[in-house]
Amino acid sequence: MSGRAERGLPADYIPPLASVDPACFGIAVALVDNRVFTAGNAEQAFSIQSISKLFTLTLALGMLGDSLWRRVGREPSGDAFNSIVLLEYERGIPRNPFLNAGSLVVADALLSSARAPRETIGEILRFLRFVAEDDGIAIDPVVAQAEKATGYRNAALANYLSSFGNLTNHPEHVLGVYVHHCAIAMSCRQLAMAGRFLAARGRNPATGHSVVSEERTRRVNALMMTCGHYDGSGDFAFRTGLPSKSGVGGGILAIVPAVASIAVWSPGLNAQGNSLLGIEALDILSRRMCWSVF
Ligand SMILES: NC(=O)CC[C@H](N)C(=O)O
């Protein structure tokens, strides 16, 4: 098999992602007993892309509670992450909050409870720094700018949502928030640390402080299991038995409830836009450690 076939190809529709070295591979495992294990390029920051959507969802649920579910569904779509077709059939209510359309609604909800896009972006970044206990986490402005300049499909989704009355802010502002949270750069170590509250029943296991309620982590984990890998979610659940969220930067955050938060990164993607080697690694790890929740 060629290297290309083994590793997949990095995303190229967001130009800076195409130039990331496909040979990179990193993994970090943060256990709820506070031990952290890393291997490979675990300290190198990469574009977390759609992994950011689980953090914006957590924040939005904290601010709006269950009223968010009037504007976005909780069902897997079986469609690509940037698909527009279902939106027409379902009258502007995205199937789930991890599809691009769904997370545009989540970004809109966050924007409505702040005053300006800049403030909302700052809030998302502060939340990530807080849960990861790491002030070094930042947005990559080159990635944000590139996605803004080339994101015609996301612009179409935002405008379409507006036509159904499911955005309350101007689509430009919602897209601004969206591309910036997708452009957050984090290492596997930082990401694994940030995911600990999902493994530790809503608490930071190091400090014992509550981040969100236990019930909310159960719900976010359930959505990750059913929708976290888009039209690859069923296969990922079948192989690993773990709630998990992928991004087109090649990162995956997987949660072993009550045990660990795992971040893995390899930029080459499979046909569904999920990290090919990342899935492979989580499959092996989950089986060897008997970490499937089933
Ligand atoms: N699956 C992803 O990571 C997609 C996120 C990317 N920012 C996009 O909107 O296309």
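Residues numbered from 1 in each chain as written. Predicted model: local features only at pLDDT ≥ 70, side-chain atom pairs only at ≥ 80, totals over all residues.

### With respect to the environment of Leu57
Within the element layout of this structure, Leu57 appears in helix α3 (residues 52-64). Between the C-alpha atom of Leu57 and that of Gly102, which follows or precedes it by 45 residues, the distance is 9.6 Å. (Helix = DSSP H or I, 4+ residues; strand = E, 2+ residues; numbered from the N terminus.)

### Let's talk about the sheet that holds strand β5 (residues 184-186)
Reading across from one edge, β3-β5-β4 is the order of the 3 strands in this open sheet, with antiparallel pairing throughout. Edge positions in the open sheet fall to β3 (46-47) and β4 (138-139), since each of these has one partner strand only. One ladder, built from 2 bridges, connects β4 with β5; its direction is antiparallel. Its bridge partner lying in β5, Ile139 is registered against Ile184. (Pairing = 2+ DSSP bridges.)

### Details of the pairing of strand β7 (residues 251-256)
Regular strands place their side chains on alternate faces of the sheet. The element β7 is extensively covered by neighbouring structure, given that 6 of its 6 residues are classed as buried. Burial of the side chains of β7 extends over both faces: Gly251, Leu253 and Ile255 are buried on one face and Ile252, Ala254 and Val256 on the other. Alignment of strand β6 (residues 244-246) against β7, held across 3 bridges, turns out to be antiparallel. Bridge assignment links Lys245 to a residue of β7, and that residue is Leu253. Hairpin connection of β6 to β7: 4 residues between the antiparallel strands, including Gly250 at a positive phi of 95°. Sheet analysis places β7 next to strand β8 (residues 260-265), joined by 6 bridges and oriented antiparallel. Within the sheet, the bridge partner assigned to Gly251 lies in β8 and is Trp265. Once β7 ends, the chain turns through 3 residues before running back antiparallel as β8, passing Ala258 with a positive phi of about 70°. (Buried ≥ 20, exposed ≤ 12 C-beta atoms within 10 Å, placed from the backbone.)

### Examining the UniProt feature "binding site: substrate" (unreviewed entry) in the chain
Annotation from UniProt places "binding site: substrate" (unreviewed entry) at Ser50, Asn100, Glu147, Asn154, Tyr178, Tyr230 and Val248. Summarising the element assignment, Tyr178 is placed in helix α9 (residues 171-182). For Tyr178, the residues in contact, after removing those within four places along its chain, are Ser103, Leu104, Ala107 and Asn154. Setting aside its immediate chain neighbours within four residues, Tyr230 contacts Ala80, Phe81, Gln272 and Gly273. (UniProt positions renumbered as here; feature names shortened; annotations may be inferred. Contact = placed C-beta atoms within 7 Å.)

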